[in-house]
Structure formats: structure tokens, C-alpha cells
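Architecture at a glance
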Amino acid sequence: MRIGAHVGAEDPLSTAQRLGAEVVQFFLSDPQSWAAPVPHPQGEQLREADVEVFVHSPYVINVASLNNRIRIPSRKSVAQQAKAAAAIGASGLVVHGGHVTKGEDPEAGLANWRKLFERQAEAGGFAVPILIENTAGGDNAMARRFDMLARLWDAVGEFGAGFCLDTCHAFAAGEELPGIVERVKGITGRIDLVHLNNSRDAFNSARDRHANIGSGTIEPELLVAVCDAAGAPIVLETPGDGQAADIEFLRANVKR
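Quick notes on the rules
- Residues numbered from 1 in each chain as written.
- Predicted model: local features only at pLDDT ≥ 70, side-chain atom pairs only at ≥ 80, totals over all residues.
- Heavy atoms only, no water.
- UniProt positions renumbered as here; feature names shortened; annotations may be inferred.
- Helix = DSSP H or I, 4+ residues; strand = E, 2+ residues; numbered from the N terminus.
- Buried < 20%, exposed > 50% of the residue type's maximum accessible area, 1.4 Å probe, protein only.
- Polar contact = N/O pair within 3.5 Å; in protein donor to acceptor, adjacent residues only side chain to side chain.
- Contact = heavy atoms within 4.5 Å.
- Pairing = 2+ DSSP bridges.
- Right-handed = clockwise from strand over helix to strand, strands pointing away.
- Phe/Tyr/Trp six-rings, centres within 6.5 Å; stacked < 30°, edge-to-face > 60°.
- Axes fitted to C-alpha atoms, helices over the stretch in contact; angles between N-to-C directions.
- Salt bridge = Lys/Arg side-chain N within 4 Å of Asp/Glu carboxyl O.

Where an unreviewed UniProt entry is consulted, the protein appears under the name Deoxyribonuclease-4, with the organism given as Allokutzneria albata. Of the comments in the UniProt record for the protein, the one headed Cofactor (unreviewed entry) reads "Zn(2+)".

If you want it as C-alpha cells, here you go:
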């Protein structure tokens, strides 16, 4: 089980060394922009390093959207990001589940996710696995509540979609953490990555505000139990000044 953190893209390997991280995640382009990623200057070093790499896609992506001005560039961006992630040897590309807007049919959003995979399959597939991440809020979200997640997996599971479990998102969405790994795997059959985050807000708050392991509203023992059960790489997306301590805590408490 590798443990690491979300870091800046400028020099991820130096940051990994400073934190003692065995895995890193970062953006390859502005997370609030549609700009295409450019080749990373440390591409060769990242491919050769004994550090596992994941790429997080930009926040603007919403594959489920019924708005053509959002959905079409989202599809294009996922393919571009996956190609750039492959170029640095990444193990996967994390993509939020997205949503439809109030009054729109969620089934149409699920269908849009399926179309993403169908169209890319015709082009030979994605360059790296696409890891769909659960989200914290939104009544019309594709991956907030697990009943909807099951419907999403019915649409995309056959294409080899991966899953990223975010503990803060699940807690904020109203999903109990005890037994969550078993419930997720019962739906998806897999957990490829864990975003191990505490929450600044209460259970079922629908608020996505991360906290360090020892300073949030989730008991640290529950977070450790999720890591143990998942057996997947762990990426901390916690506040940066506490990440080294978070990694040290996990190393001392999770089963390795």
C-alpha cells in the first residue's frame, strides 16, 4: 500500500522526497481552465522514478452535463488529459462524477458517461485508466449517493472504468464510513485509489472542505480502517502544512 499526497506540478519528485511520499497526484493544467496540458518537463524522471503517479483532471470537466458547451469540451479534455498522463507514466486519471442541473433527467447524465467510453473505445480506448471519483454535494450528481453510483456503473462498468474513493466526499454526502469499502466494491468491484481526507464539516453537510487527519470531524480510526480495507494507493488531499504529519500517522497505523 503506497501512501502519498496531492502536490504541485512544478517539481513533484522533490516534494515527494521532502514528504516521504511513495505516490503523488497533481494537475497537468490549470484546474479551472479548458487549456490542454503541455508536456511535463520532468516527464522522463517521473516515468523512471520509484514514485507512483496519478493525475487529477480539471474541475471544469463535467462529462454528465446536458449543456453542449460543457459536455463536448469535457469529452475532449478527458482524452487529452489521459494522453498527457500516459506520457509521464501515470497509473490513472481522476475525473469527478459530474452532475446534471435541477429539472434535468439524471438518466441523460448517465447516458453521457456511457457515450464518453463508447466513443473512446471506438478510437482505441483511453491512454490510462479513468478513475471516477465520488463527490460531496448536489442532488443531481452522478457519484454522490451510492444508489446513483450503482446506476452509473451499470452504464460504464463494462468499459473498465476505475474508481477513486474520497473519504471527505463520502462523509459529506451522507455515506457512513464503516463498511464503505465493501459497499463500494459491491457496486464497482474495485477501488483503484483512495483520496484520504478528513472533513471540516459535519456528516451529510454536502460541503467539500478537507482537513488534516487529526483535525477534522471524522475519527482518524475510521480513516485508517478505510485504508486497511481498500488496500489501494492512498493520496492525501489535506492542507499542505500538515501532509508530512498525515503521512507519518498513516505509516504508523495502517496495515502495510
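Having seen it, we continue.
1. Some remarks on the side chain of Ser57
Inspection of the secondary structure assignment puts Ser57 in the loop between strand S3 (52-56) and helix H3 (68-87). Its relative accessible area of 1% is what places Ser57 among the buried residues. At 2.7 Å, the side chain of Ser57 forms a polar contact with the backbone oxygen of Val94. Setting aside its immediate chain neighbours within four residues, Ser57 contacts Phe27, Leu93, Val94, Val95 and His96.

2. Let's talk about the pairing of strand S6 (residues 162-166)
Of all the five residues making up S6, five are buried; the element is thus mostly covered by neighbouring parts of the structure. Residue alternation in S6 divides its side chains into two sets, Gly162, Cys164 and Asp166 and Phe163 and Leu165, and both sets are buried. Sheet topology note: the strand S5 (residues 130-133)/S6 ladder contains three bridges and is parallel. Across the sheet, the residue bridging to Leu131 is Gly162, located in S6. Read as a crossover between parallel neighbours, the route from S5 over helix H5 (residues 146-156) to S6 is right-handed. Relative to strand S7 (residues 193-195), S6 runs parallel, the two being bridged by three bridges. Opposite Cys164, over in S7, you have Leu193 as the bridge partner.

3. Structural notes on the packing of aromatic side chains
What the rule picks out here adds up to six aromatic pairs. Where Phe117 meets Phe159, the ring centres are 5.9 Å apart and the plane angle is 15 degrees; that geometry is what we call stacked. With Phe117 in helix H4 (residues 106-122) and Phe159 in the loop between H5 and S6, the pair connects residues that are 42 residues apart, well separated along the chain. Phe159 gets classed as partly exposed once you look at its relative accessible area, which sits at 26%. A centroid spacing of 5.9 Å and a plane angle of 80 degrees characterise the contact between Trp153 and Phe163, whose relative ring orientation is edge-to-face. Of this pair, Trp153 sits in helix H5 while Phe163 is found in strand S6, placing the two residues ten residues apart along the sequence. One exposure class covers both Trp153 and Phe163, and it is buried. Linked through ring pairs, Trp113, Phe117, Phe126 and Phe159 together constitute an aromatic cluster.

4. With respect to the sheet that holds strand S1 (residues 3-6)
Read around the barrel, eight strands follow the order S1-S2-S3-S4-S5-S6-S7-S10 and close on themselves; strand pairing throughout is parallel. Looking at each pair of strands side by side, their axes are set apart by 30 degrees on average, direction ignored. Pairing between strand S4 (residues 93-96) and S5: four bridges, direction parallel. The residue bridging Val95 from the neighbouring strand is Ile132, located in S5. Each of S1 and strand S10 (234-236) is contacted by helix H9 (residues 243-253), which is oriented at about 155 degrees to S1, the strand it contacts most.

5. Points about the pattern of salt bridges
The final tally for this structure, using the stated rule, is eleven salt bridges. Residue Asp139 is joined to Arg144 by a salt bridge in which the shortest nitrogen-to-oxygen separation is 3.7 Å. Its salt-bridge partner being Asp201, residue Arg209 comes within 2.7 Å of it at the nearest N-O pair.

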